[in-house]
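Summary of the model geometry
What follows is each chain in one-letter form.
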There are 2 protein chains.
Amino acid sequence: MSRFSRPFALTAVSGLLIAPVSALADDQDVIDYRQHVMKTLGEQAAAIGMILEHRAPPENFAVHVQILAITAATAKKAFEPKVPGGDAKPDVWAKWADFAKRLDALAASTADLAKTAKDGGLAAAEPKVATALTCKNCHDTYRVPKQ
Amino acid sequence: MSRFSRPFALTAVSGLLIAPVSALADDQDVIDYRQHVMKTLGEQAAAIGMILEHRAPPENFAVHVQILAITAATAKKAFEPKVPGGDAKPDVWAKWADFAKRLDALAASTADLAKTAKDGGLAAAEPKVATALTCKNCHDTYRVPKQ
């Protein structure tokens with residue numbers, strides 16, 4: 001099934017609408033893509049955690065939060081295709097309104113954190129980190145527990 | 001050893017300079033941190049690759065390139081501490097001038113790609129991707145081959 005085909009891949013030739021001839025996203029592609037997004041969030045959250053524990057360079061704090069915020073804003077798009085699998089519980093789609101609301105909240109809270117980090121640095125942003133990064137709360141509900 | 005301790009963790013008390021009491025980065029921290037950075041690059045490059053193969057949403061192309069560019073600009077800092085291990089060959093530090101030059105080139109080429117993608121979209125940026133993403137070339141020289 002085509003979930004991510006490019007609109008401009010549809011071409012009118014001789015009055016006939018021709019379906020895209022390019023490779024199209026299948027279910028495994030959908031899962032792979034959202035895992036690339038979520039793993040990026042995980043790697044960046046880990047880098048931020050290391051900085052807060054004084055185990056990584058603090059001067060990179062603001063940029064990691066920025067990357068996290070930009071990536072978080074792409075996550076909802078990655079989950080829109082209703083394709084259970086990977087680490088996602090079926091509840092992601094059964095309770096889509098709640099799940100989507102949480103992703104919107106994550107995008108907003110990390111964007112706010114990125115602004116605080118850019119303007120006020122680590123000291124200003126640190127108190128907001130635990131509230132902004134809602135990873136565990138959402139994973140507890142919507143991610144298949146790790147074995 | 002302290003490589004990433006915060007400068008302000010040094011505190012003068014009663015005329016004595018007290019060493020930082022916080023947790024400090026050890027060699028494994030240095031390796032972990034740079035792996036978080038490099039894995040982020042890998043996940044984002046994979047997402048970009050999927051889009052180019054029409055297997056992921058093309059409307060996210062510019063943002064993935066942006067994330068890649070921002071992350072690439074943090075990579076040199078992550079490799080500055082001379083700590084062999086992880087997937088990094090000792091040549092990273094033995095040939096630091098070359099390695100650093102390559103990371104600078106990656107940061108510049110991905111920043112240019114991000115600008116092209118933002119201004120001209122996927123169609124404008126696509127021809128530049130192979131030249132901008134120098135991952136394999138550098139990995140062939142400086143990364144321990146995967147088993």
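Residues numbered from 1 in each chain as written. Chains lettered and ligands numbered in written order. Predicted model: local features only at pLDDT ≥ 70, side-chain atom pairs only at ≥ 80, totals over all residues. Heavy atoms only, no water.

**A short note on empty space enclosed by the protein**
Residue and element names in this part refer to chain B. Counting across every chain of the model gives 1 cavity of 30 Å³ or more. Taken together, Leu41, Ala45, Leu68, Ala72, Leu106, Thr110 and Cys135 make up the lining of the largest cavity. Among the secondary structure elements, those contributing two or more residues to the lining of the largest cavity are helix H1 (27–52), helix H2 (61–79) and helix H4 (96–132). Split by residue class, the lining of the largest cavity holds 6 nonpolar, 1 polar and no charged. (1 Å grid on protein atoms, 1.4 Å probe; cavity = no way out; pocket = protein on both sides within 12 Å on 5 of 7 lines; lining within 4 Å. Points joined across faces, edges and corners; volume = space filled by probe spheres on them. Helix = DSSP H or I, 4+ residues; strand = E, 2+ residues; numbered from the N terminus. Nonpolar A, V, L, I, M, F, W, Y, C, P; charged D, E, K, R; others polar.)

**Some words on the interface of chain A and chain B**
Contact residues are listed per partner, giving 39 residues for chain A and 39 residues for chain B. Buried surface at the junction of chain A and chain B, both sides included, amounts to about 3,400 Å², of which 61% is carbon and sulfur. Counting across the interface, chain A meets chain B through 4 salt bridges. Between Glu59 of chain A and Lys77 of chain B there is a salt bridge, and its shortest N-O distance comes to 3.0 Å. Our count for the chain A to chain B interface comes out at 12 residue pairs in polar contact (both at pLDDT 80 or more). The greatest single-element share of the side of chain A that touches chain B, amounting to 15 residues, is contributed by helix H1 (residues 27–52) of chain A. A class-by-class count of the residues in the side of chain A that touches chain B yields 18 nonpolar, 11 polar and 10 charged. (Contact = heavy atoms within 4.5 Å. Buried area = accessible area lost by both parts, 1.4 Å probe. Salt bridge = Lys/Arg side-chain N within 4 Å of Asp/Glu carboxyl O. Polar contact = N/O pair within 3.5 Å; in protein donor to acceptor, adjacent residues only side chain to side chain.)

**Structural notes on the pattern of salt bridges**
Residue and element names in this part refer to chain B. Tallied over the entire structure, the rule returns 20 salt bridges over all chains. Residue Lys115 is joined to Asp119 by a salt bridge in which the shortest nitrogen-to-oxygen separation is 2.7 Å. Placement of both Lys115 and Asp119 in helix H4 is noted, with a separation of 4 residues, approximately one turn of the helix. An identical accessibility class is assigned to Lys115 and Asp119; each is exposed. (Buried < 20%, exposed > 50% of the residue type's maximum accessible area, 1.4 Å probe, protein only.)

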